[in-house]
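Chain by chain, the residues:
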Amino acid sequence: MEPSLLERYRSDRRKLLNFLLSSGLIKQVRTPSGCSTSTPYLDLDALSSDYVLDCIKSGGVLDIFEASRKYHEESFYPVMIHSQSRNVYFLLSDCNSSGPPPQRAPPPRYWTSNHTSCSSSQQNPLINENTGDEYVTKGARRPVKHLKPVETAMLSSFGLPFLNSGLSDDDLRESAYEILIASMAFAGVEVYFLEDRKKEKGSRILSRLKSKKDKGYSQSQLGERHEQLIDTIRIQMQISKAMDTCIRKSSMQFFTRTYEQIDIHQVLLGLLNGVLKYDFLNENSYMRWKRRQATVLEELLCSSADLSTTDLLTLKNLLSKIKHGKEWESMSHYDRSEAILSIGKIASKMSSRVGAQGGNIFQTEGYHVKLRLYERLLFAVFDILEEGKLIAEAEEILLLIKLTWSTLGITQKMHNALYGWVLFQQFLGTDDPTLLEFAILQVQKALAVQMNDEKEDSYISSLLCSCICGDKESHLGLLEAIFFSISIWCDSKLQDYHLHFSQNPSSFKKVVTLALAVETPSIEGCSLEVSNCNYLNKFAKQKLKTYVQGSVKAAYKRVAYTIDVKPMTERTNPLVLLANELKLMVEKELAVFCPVLHDWFPAAGIISASMLHQLYGERLIGEISRPIILDWVIAQHEHILDWTGRAFELEDWEPLSLQQKQAASVVEVFRIINETVDQFFRLDLPMHITHLQALLSVIFHSLDTYLLKVVNLLGSAVDKHHLFPSIPPLTRYEETAIPIIKKKLVENPVLDEFTQNKLKDLSISKLCVILNTLQYIQKQLDLLEDGIGKSWSLVKRHPSWTEEEPPRTLETAQALWDESAELFVATFNSIRDCTGDAIRKFSDFTGLRVVFWDLRDSFLLCLYRGGVEGARLDSVLPHVDSVLNHVCGLVDDALRDIVVLSVCRGFLEGYIWVLLNGGPSRAFSESDVVSMEDDLNMFQDFFVADGEGLPRSLVHQEAKLAQQILSLFSLQTETIIRMLMFAGENISTTSESRTHRPDCLEDSHTLIRILCHKKDSEASKFLKRHYQLPSSSEYEDATTQESILGSPFISDLLKRSAKFHWTEKGHSSFRLIKKKFQKATHGIRE
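Residues numbered from 1 in each chain as written. Predicted model: local features only at pLDDT ≥ 70, side-chain atom pairs only at ≥ 80, totals over all residues. Heavy atoms only, no water.

1. Brief notes about the overall build of the chain
To be explicit about the condition: Runs of H or I in DSSP of at least four residues are treated as helices and runs of E of at least two as strands, each being numbered from the N terminus. Exposure categories follow from relative accessible area, calculated using a 1.4 Å probe and restricted to protein chains: below 20% of the type maximum is buried, above 50% is exposed, and the middle band is partly exposed. Contacts between residues were defined by any pair of non-hydrogen atoms, one from each residue, lying within 4.5 Å. Using a 1.4 Å probe, the Shrake-Rupley method yields the accessible areas, and only the shown protein chains count as cover for residues.
What the chain contains, in helices and strands, is 41 helices and seven strands. Here the chain holds 1086 residues, and the buried ones make up 49% of them. Within the chain, counting contacts between residues at least 6 apart in sequence, those at least 24 apart form 76% of the total. In the structure as shown, the chain presents an accessible area of about 52500 Å², 53% of it carried by carbon and sulfur atoms.

The structure is reproduced here in structure tokens:
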């Protein structure tokens, strides 16, 4: 028989790489053991030819690891020819003899990232559709099945332990063939035939691959039939003729002796001892074969927990000699035999013998390898040329495969389960219902096999596999793991059988049968042998009821969504369209699915019809109740607003009690809101996202209205600037020996009666209650948001919950939750922001009122009046302490630091007012500055309160401006005058900003006031000569004075300034000062 195209391609590829490596074009070879100038024995089938060619072009340095990695990456793409048209590729079969192409669409491929050990690195594709080789339909939302090709399905994917030694799928396939030939030879089957007989029958083998087997054979015919079957298996498993001849010959020589039992390691060691490199076409093929044998032995033996450290090191050393280097070939035949004997002794010593049946002793060591090898043998019954088709010789081949049971530790029950699993995988790849029938038959056989031997039962249960369901990993026995993997797929289909079987109803009954069969052993407290028919019937009914309910609900949501997304122009009444669609669904349910389900669950039709009736009724109620709920919410909105206004009008801003310091009106407002929320969620009607939006809108407008009324208590008529006293006129310090008989007096502007009444009405006690009320709103918002969120989440899970789009995916469900979360954030955060702004506004006003209104006489008008030493800050602090104690006793604990900070800022404002606007009665010498700095430090220590008050860093930052102003008083007068002349161009035209606090320390307004309050003759002369300011002795030391901007002296000052003689630069600066002062006072003079 001629070799296949794939075999010729592989052979040509090896010849090419062998030529390239032996031609001297490779200068250096990098291996894991180091660099070498000679070419070691390499696995040519695991190297990328393109990479080797690129290495020759780039300098001749070959990295074996990179070449292997490139090969595995390239192996997942078809072999192409680099032609200009880019549409030429190799086929695995002869396109002329393969028949017509398949009619169905080619399935897409999903690749796994692990190329080294395909079968060991994958999770069960039937459990998690996002990992591993996925060849099943991805969820209920796909209208078309996306299946994996058969080759990718030929993997142990029911949770066997991982392969750690890097065995590839080809390695397992070739080793499985060797195990089969050795087992046949051990059983007495002739596997090696004379060459002349082979030549006679060689031309007939290919024509008989698909022939029907005869019913009986003579002895000679039986040998001929065995030869035909072996050749068929060889072709099915893609084994070369040369390798096949070598394995058969060695098996007949070494495995025809009488043993109690032939184990897998005995087969591998026997082949290593009997097969020589001269049996291979080239040395590289022999080295690759030898390395594979050692790798399988390593995977079988080195992972045992019973292996001692000494034996493990010895075993690894011997296997390393076999796998790498020339040491093994340089050893004599005797030394190699001794090494193989040592490996065999270690393997026999570490074997864990669990039980025996029929003379067979089963070993659990390396079961993950043995099961993979057996699975590869089972795949040999499927035609490699026709996807998923059983070959005609399948039954005969299975009888030959049965000869490996004692070697691989397989029992009848395990064979039935594994064969059923392989058939099930082929069904997933081809969607052939015949394969599904065969899979069901094998599963039923596995369940029907009686477990009469406890040791065999223990043996099968000890073959653990890892199965993942959700986020939880479980370890199950072999049969349970296989059945669990199948059941996951069956559940995913039957939970929405309307979607998956509407176009293919013929497979529905088969899948239901398989689902009920594989689910039986996985029931908690139920063994593999379930004989209680009542229990089985009860289980089947419960399972099928779950399928019916899940599928009907999924189908209903799909239909409802399809109707809802239709444009308005294409639909009339959605309820009518939905009713028509549900009618068609019921007809199909009764005609297609119910007859199948009736065999196990007679009430299936009743349940499906009642569910559709219930779902349609809920939709009907939802459509009717939607405007009703909105109308009810709107009516409640008007009621809450009316009640809020009434409660605010009756508010007297007195605390409820010593513990409840907020006002009574806000408690009443939240009572009404909470009652409305409770009534809303007790409606027990289908809710929509628009209903939640309407409820939150009512809450927002109600609280926003209340907050607006609270903020309006300050009103536009009461501004914080009304609290500041009038700024005294600017004077220069001058001591006079002759008292002036008649001093000038400037009357204070008196606030209008309305403003005074407003200020008196906003007492400290009332302000504190307002602040407590605002803080109460902040606390209640958190409770209200949590309560509505919990109630809304319960509504979403309520049976009457309906949505426009069903949450078919996690992404859709998350989007719906995000939409609700956005409503909560937008509503409650907006109210929190408004409340926070109101707290800051009332807190700032409270701090300024304490200082500039309540403590005006004891602080502003007394501090440093008539001299620093006689009116220090220590005489004022007791008054401050008394006011702070009073305020802290009125406000809520959560507001204490905020209010104290506002009072601190108010006192610093007042202190700066004393320094810059103190009037004729205040003048400071350089020696006074030291005392004033001490007072400022005392003030900071007072508010820090030994760590129990405000943070020191915060107080220090707030007092920074006052400290900088004090530093200006310590400067020489000449320096301040130069700074004043330089600042002439930076004079602000805004007069009000200069009434109490400077924006810049080096502007003209601040510097002039520094000179006015400086007890220095040079400063007095400068102010008299350049500004003609009157002396401080000319004024009566009144408690309050009129602002200099409203004083008649400002006009005289501007007129007399023209007589002074300045330098050109100074004259220009002063003209600018004069111009800006005139603009600043123009509005006041009018």
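2. Digging into the packing of helix α37 (residues 973-982) against helix α39 (residues 1017-1027)
Defined as follows: For helices, the axis comes from a line fit to the C-alpha atoms of the stretch in contact; other axes are also lines fit to C-alpha atoms, and the angle between any two N-to-C directions lies between 0 and 180 degrees. An angle below 35 degrees is read as roughly parallel, one above 145 as roughly antiparallel, one from 65 to 115 as roughly perpendicular, and any other as oblique. Less than a right angle of anticlockwise turn of the near helix away from the far helix marks a crossing as left-handed, whereas a clockwise turn marks it as right-handed.
Between α37 and α39, the least distance of the axes is 9 Å, while the angle of their chain directions is 30 degrees. Classified by the angle their axes make, α37 and α39 are roughly parallel. Note on packing geometry: the crossing formed by α37 with α39 is right-handed. Of the residues in α39, those touching α37 at Thr973, Glu974, Ile977 and Leu980 are Glu1018, Ala1019, Phe1022 and Tyr1027.

3. With respect to the packing of aromatic side chains
Just so we agree on the cut-off: Here a pair means two rings of Phe, Tyr or Trp (six-membered ring of Trp) with centres within 6.5 Å. Their orientation is stacked below 30 degrees between planes, edge-to-face above 60, and tilted elsewhere.
All chains considered together, the criterion is met by 28 aromatic pairs. With centroids separated by 5.2 Å and ring planes inclined at 50 degrees, the aromatic side chains of Tyr497 and Phe508 adopt a geometry described as tilted. Of this pair, Tyr497 sits in helix α21 (residues 497-500) while Phe508 sits in helix α22 (residues 508-519), and the two are 11 residues apart along the sequence. On the basis of relative accessibility, which here comes to 1%, the residue Tyr497 falls in the buried class. Look at Phe508 and you get buried, because its relative accessible area is 1%. Ring geometry for Phe1022 and Tyr1027: centres 6.1 Å apart, planes at 65 degrees, overall edge-to-face. One aromatic cluster in this structure is built from Phe158, Trp421, Phe424, Phe427 and Trp489.

4. Notes on the packing of helix α5 (residues 169-186) against helix α14 (residues 367-378)
Two quantities define a packed helix pair, namely the angle between the axes and the distance from one axis to the other. Keep this limit in mind: Ten residues, namely Ala, Val, Leu, Ile, Met, Phe, Trp, Tyr, Cys and Pro, are considered nonpolar, four, namely Asp, Glu, Lys and Arg, are considered charged, and the remaining ones, Gly among them, are considered polar.
In contact at an axis separation of 8 Å, α5 and α14 are set at 80 degrees when each is read in the N-to-C sense. Between α5 and α14, the crossing angle belongs to the class labelled roughly perpendicular. Packed against α5, whose contacting residues are Asp169, Leu172, Arg173, Ser175, Ala176, Tyr177, Ile179 and Leu180, the element α14 presents Arg372, Leu373, Arg376 and Leu377 at the interface. Of the residues in the contact of α5 with α14, the class split is seven nonpolar, one polar and four charged.

5. Focus: the environment of Asn504
Where we set the bar: Counted as a polar contact is a pair of N or O atoms within 3.5 Å, where, for protein atoms, one must be capable of donating a hydrogen and the other of accepting one, and residues adjacent in sequence contribute only when both atoms are in side chains.
Here Asn504 is to be found in the loop between α21 and α22. Its relative accessible area of 24% is what places Asn504 among the partly exposed residues. A distance of 3.2 Å separates a polar atom in the side chain of Asn504 from a polar atom in the side chain of Ser507.

6. Side note on the pattern of salt bridges
Cut-off, in case you're wondering: In what follows, salt bridge is the name for a side-chain nitrogen of Lys or Arg lying within 4 Å of a carboxyl oxygen of Asp or Glu.
Using the criterion set out here, one finds 29 salt bridges in the structure. When the shortest N-O distance is used, the salt bridge between Lys323 and Glu298 registers 2.9 Å. Taken together, the residues Lys323 in helix α11 (residues 309-323) and Glu298 in helix α10 (residues 283-301) connect sequence positions 25 residues apart. Note on Lys323: relative accessible area 14%, which makes it buried. For Glu623, the salt bridge goes to Arg619, with nearest N and O atoms at 3.1 Å. Highlighted residues: Glu623 and Arg619, both in helix α25 (residues 604-649), separated by four residues, approximately one helical turn. A residue is classified by how much of its surface remains accessible, and Glu623, at 29% relative accessible area, is partly exposed.

7. Here's the deal with unusual backbone geometry
We note that Trp653 has phi near 55 degrees; this positive angle belongs to a residue other than glycine. Counting through the fold element by element, Trp653 comes out in the loop between α25 and α26 (664-681). Owing to a relative accessible area of 6%, Trp653 belongs among the buried residues under this scheme. Its identity is not glycine, yet Tyr864 carries a phi of approximately 60 degrees, on the positive side. Structurally, the position occupied by Tyr864 is in the loop between α31 (856-860) and α32 (877-890).

8. Concerning the confidence of the model for the chain
Quick reminder of the rule: The pLDDT value tells you how sure the predictor is about a given residue, anywhere from 0 up to 100.
Looking at the chain, pLDDT values average 76 and 73% of them are 70 or higher. This stretch, residues 985-995, has a pLDDT under 50; its non-local contacts, to residues over four places away or in other chains, come to 25 contacts. Of the regions scoring below 50 in pLDDT, residues 1039-1086 engages in 82 contacts with residues more than four places distant in sequence or in other chains.

9. Focus: the side chain of Ser902
Inspection of the secondary structure assignment puts Ser902 in helix α33 (residues 896-917). Ser902 sits in the buried class, given a relative accessible area of 4%. A polar atom in the side chain of Ser902 sits 2.5 Å from the backbone oxygen of Val899. Once residues lying within four places of it in the same chain are set aside, the contact partners of Ser902 are Ser843, Asp844 and Gly847.

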